[in-house]
Every structure is written in structure tokens, then in C-alpha cells.
Amino acid sequence: MNLVQNWDIAGQSLNSRLFIGSALYPSPALMQQAIRASAADVVTVSLRRQNPQAGGGAEFWQLIKELELHVLPNTAGCHSAKEAITTAQMARELFDTRWIKLEVIGDDYNLQPDPFQLLEAAAELVKQGFDVFPYCTDDLVLCQKLVEVGCQVLMPWGAPIGTGQGLLNPYALRTIRERIPDIPLIVDAGIGLPSHAAQAMEMGYDGILLNTAVAQAVDPVAMAGAFAQAVAAGRSAFLAGAMDKRQTAQPSTPTLGTPFWHQS
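Asker: Just checking my understanding: could you explain the overall build of the chain for this structure?
Answerer: When you go through the chain residue by residue, the secondary structure sums to nine helices and 12 strands. Of all 264 residues assigned to the chain, the portion counted as buried reaches 48%. In the chain, of all internal contacts separated by at least 6 residues, the share reaching a separation of at least 24 is 65%. Counting every atom, the chain has about 13,600 Å² of accessible surface; 51% of that belongs to carbon and sulfur.

Have a look at this one:
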């Protein structure tokens, strides 16, 4: 059975449903190896934290270019709509892409997005022709508002960035999936284990975006491969359809008549 199924998002056809980040790896070379092992079609990069025009980042950007993947620039480190919009405009010019992962941080303790600034920035960037991938919390109303201003993709968190705690509020994530059935949903942030990724995919989420869980693993390359398998398995399980949960036990082997040795 082929676990890889093409899907379309923001005008592109992809094979993998795993998006992977490019930060925090022990070395640039190991980053490249891990990203390849993930079989991801999309890699995220931070313009503010690693400027491709700066001399010190030349090696990093060359390795990213060699991967020949779709680049999803992000506005990591921005704390206002104005700052995020300016960063997105720079990213579009540098990477020649309309894609932008929109991050507008409101709290530096848990890196929670500022919903008000995020919505303002999203609305403006959509007007400017961007394909906006907003990093948001699992707040249903915020997600609905982002769709209303024109976002065609949503990326709610599973848990705060880099914590590896998995899906802290499965109920909220399921509700978003049920209430917004026609928009691609990608769980972004908080994933720590392949089982977390599989859980989200089993709920019907369309993809997973992660970074720290691979970059900070003891063996990033092996962990990247494990996540690739988990995302594919979770998607296959969702398509297969899970059995209904029951309150009482039911034998998996039903009794069909009386065994011959009990007959008189």
C-alpha cells in the first residue's frame, strides 16, 4: 500500500504532509541530512534570524538551496503586525514566493501568538497577495476570523513552541477540524514525538510542521525518518476510519455454536 498521497496546498502539489524547520540543529550539515531523511517537500526558514544576504549565513543558505524544496519563510521574532508585514515583504523579494508563515508573538514566556496583531497582519498580507500560513493558538473563533480575512491555511499549535508536550488540548483541535472542514489544517508547534504527529493526523489534520523535535533529538536523522513514517501512518489511519469506542468489552472471536466436544 502506498502511504504517500499527493495533496494540494496554496497552489502547490506536495507528496509529504510533513513540513520541517531548519533551526537548532547541531550543525548545518546535520540539518541537511535530517531534512532529507524527513522526505519533507517544504522547509521553513527564518529571515530575521538568518539573513541570506549576510555573509555569515552563506553556507546555511547554500545547503537550503541544495535541498531543492519549497521554502516557507517565516516572520519568527516579530511582535507587531507592522514588523511582521515588513518582514514578509522582504521574504517575498528574497525568495520569490508568495508563501509566508505568519508569526506575531504576544508573550515571550510561552511564545503565544498575539491574536489581535496576527489578525491585522494576516488581513493586510492577504490583500497584498500573500498565501498566509498563520501560526495561531487552538482558539476556534480566532481560526474562524483568520479564514474570514482570507487565510486559506491555518496552523494551530499543539503546545507552546519547543516544549515537545504534544497535543495539550485535543478537544480544541478536533473542534477546529469539525468546524472548519474545508481549509487545510497543519499542527504547528509543541510536537515532541512521532506518536504526537500520528495523533494529529488521525484527527484529520492535513499536515504537521515541526522543528525542535527533530533538531534536538539525540539522532536527528533517525528521528526525522520516524516522523515521516508517523505522519504517513496517521494519515492512512484517518482515511481507513477508526472503529467506534465502546464502554463494554466485546469478544474479538465470536462463539458460533457449541464445540463438538461439549455435545452429548
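That was the structure; now back to the text.
Asker: For this particular structure, what's the right way to read helix H1 (residues 28-38)?
Answerer: Along an α-helix, residues three or four positions apart point the same way, because every turn accommodates 3.6 residues. Within the sequence span of H1, burial applies to Met31, Gln32, Ala34, Ile35 and Ser38. Down the axis of H1, the buried set is contained in an arc of 165°. They therefore lie on one face. The positive-phi residue at the C-terminal boundary of H1 is Ala39, with phi of around 60°.

Asker: Explain the pattern of salt bridges to me, please; I cannot follow it from the model alone.
Answerer: Pairs can form between side chains of opposite charge once their charged atoms are near each other. Inspection of every chain in the model, using the stated rule, returns six salt bridges. Of the charged contacts in the structure, one is a salt bridge between Arg98 and Asp131, with a shortest N-O distance of 3.4 Å. Residue Arg98 is found in the loop between helix H3 (81-95) and strand E6 (99-102), and its partner Asp131 is found in strand E9 (residues 131-136); the two are separated by 33 residues along the sequence. Its relative accessible area of 18% is what places Asp131 among the buried residues. The partner of Glu148 in a salt bridge is Lys145, and the shortest N-O contact between them spans 3.8 Å. Taken together, the residues span about one helical turn, with Glu148 and Lys145 both in helix H5 (residues 140-148) at a distance of three residues.

Asker: How do you make sense of the side chain of Ser22 when you look at a structure like this?
Answerer: Topologically, Ser22 is positioned in the loop between strand E3 (18-21) and H1. Among the polar contacts made by the side chain of Ser22, one reaches the main-chain carbonyl oxygen of Thr44 at a distance of 2.7 Å. For Ser22, the contacting residues outside a window of four places in its chain are Met31, Ile35, Val43, Thr44, Val45, Phe60, Ile64 and Asn211.

Asker: Is there a simple way to think about the nonpolar core in this case?
Answerer: In globular proteins that are soluble, nonpolar side chains generally tend to be buried together. Counting 59 residues, the largest nonpolar core has Ile64, Leu102 and Ile208 as the members making the most contacts within it. In terms of residues, this core owes the most to one element, H3, which gives six residues. Among all residues touching Leu102, those that are not within four sequence positions of it are Thr75, Ala84, Leu118, Ala121, Ala122, Leu125, Val132, Phe133, Pro134 and Tyr135. In terms of nonpolar packing, the next biggest core, distinct from the first, is built from 12 residues, Ile9, Phe19, Val42 and Phe133 among them.

Asker: Just to check I follow, could you spell out the side chain of Thr97 for this structure?
Answerer: Structurally, Thr97 can be placed in the loop between H3 and E6. By relative accessible area, Thr97 is classed as buried at 15%. Leaving out residues up to four positions away in the same chain, Thr97 has contacts with Val71, Pro73 and Arg92.

Asker: I'm lost on the pairing of strand E12 (residues 207-210) in this one. Help?
Answerer: Strand residues, when the strand is regular, have side chains that alternate between the two faces of the sheet. Taking every second residue as pointing to the same face, both faces of E12 are buried, with Gly207 and Leu209 on one and Ile208 and Leu210 on the other. As judged from the three bridges shared by E3 and E12, these two strands associate in the parallel manner. Considered in E12, the bridge of Ile20 is made with Leu210. Sheet topology note: the strand E11 (residues 186-188)/E12 ladder contains three bridges and is parallel. Looking at E12, one finds that Asp188 is bridged to Leu209. Following the backbone out of E11, through helix H7 (residues 194-202) and into the adjacent parallel E12, one traces a crossover that is right-handed.

Asker: In this structure, what is going on with the packing of H5 against helix H6 (residues 170-179)? I would like to understand it.
Answerer: Packed helices, taken two at a time, are described by the angle between their axes plus the distance between the axes. Packing of H5 against H6 brings their axes to within 10 Å, and their N-to-C directions diverge by 35°. In terms of crossing hand, the pair formed by H5 and H6 is right-handed. Of H6, the residues touching H5 (which contributes Leu140, Cys143 and Gln144) are Thr175, Ile176 and Arg179. Residues belonging to the contact of H5 with H6 are distributed by class as follows: three nonpolar, two polar and one charged.

Asker: Can you help me understand the packing of H1 against helix H9 (residues 220-240) in this one?
Answerer: Following both chains from N to C, one finds H1 and H9 inclined at 20°, their axes separated by 7 Å at the closest point. On the basis of the axis angle, H1 is roughly parallel to H9. Along this stretch, H1 crosses H9, giving a crossing that reads as right-handed. Mapping the contact onto sequence places Leu30, Gln33, Ala34, Ala37 and Ser38 in H1 and Pro220, Val221, Ala224, Gly225 and Ala228 in H9. Its residues assigned to classes, the contact of H1 with H9 shows seven nonpolar, three polar and no charged.

So, how was this worked out
Every chain's residues receive numbers from 1 upward, in the order its sequence appears when written. The model is predicted, so local features are restricted to residues of pLDDT at least 70 and side-chain atom pairs to those at 80 or more, both for listing and for counting; the totals for chains, interfaces and linings are taken over all residues. The side-chain figures draw on all heavy atoms in the structure; neither hydrogens nor water molecules are used. Runs of H or I in DSSP of at least four residues are treated as helices and runs of E of at least two as strands, each being numbered from the N terminus. Relative accessible area decides the class of each residue, using a 1.4 Å probe on protein chains only: under 20% of the type maximum gives buried, over 50% gives exposed, and in between gives partly exposed. Working rule for contacts: check all heavy atoms of both residues, and any pair within 4.5 Å makes them a contact. Using the Shrake-Rupley algorithm and a 1.4 Å probe, accessible areas are obtained, with residue cover drawn only from the displayed protein chains. It is the directions from the helix axis to the C-beta atoms whose arc is reported. By definition here, a salt bridge exists when the distance from a side-chain nitrogen of Lys or Arg to a carboxyl oxygen of Asp or Glu is within 4 Å. Between N or O atoms, a polar contact is any pair within 3.5 Å; within protein, one atom must be a potential hydrogen donor and the other a potential acceptor, and residues adjacent in sequence are included only when both atoms are from side chains. Here, the term nonpolar core denotes a set of buried Ala, Val, Leu, Ile, Met, Phe, Trp, Tyr and Cys residues that are joined through side-chain atoms within 4.5 Å. Whether two strands pair depends on DSSP finding at least two bridges between them. Seen with its strands pointing away from the viewer, a crossover is right-handed if its path from the first strand over the helix to the second goes clockwise. To get an axis, a line is fitted to the C-alpha atoms, and for a helix only the part in contact is used. The angle between two axes follows their N-to-C directions and goes from 0 to 180 degrees. Helix crossings fall into two classes, left-handed where the near helix is turned counterclockwise from the far one by less than a right angle and right-handed where it is turned clockwise. Three residue categories are used. Nonpolar comprises Ala, Val, Leu, Ile, Met, Phe, Trp, Tyr, Cys and Pro, charged comprises Asp, Glu, Lys and Arg, and polar comprises the others, including Gly. Relative orientations are named as follows: roughly parallel for angles under 35 degrees, roughly antiparallel for angles over 145 degrees, roughly perpendicular for angles from 65 to 115 degrees, and oblique for any other angle.

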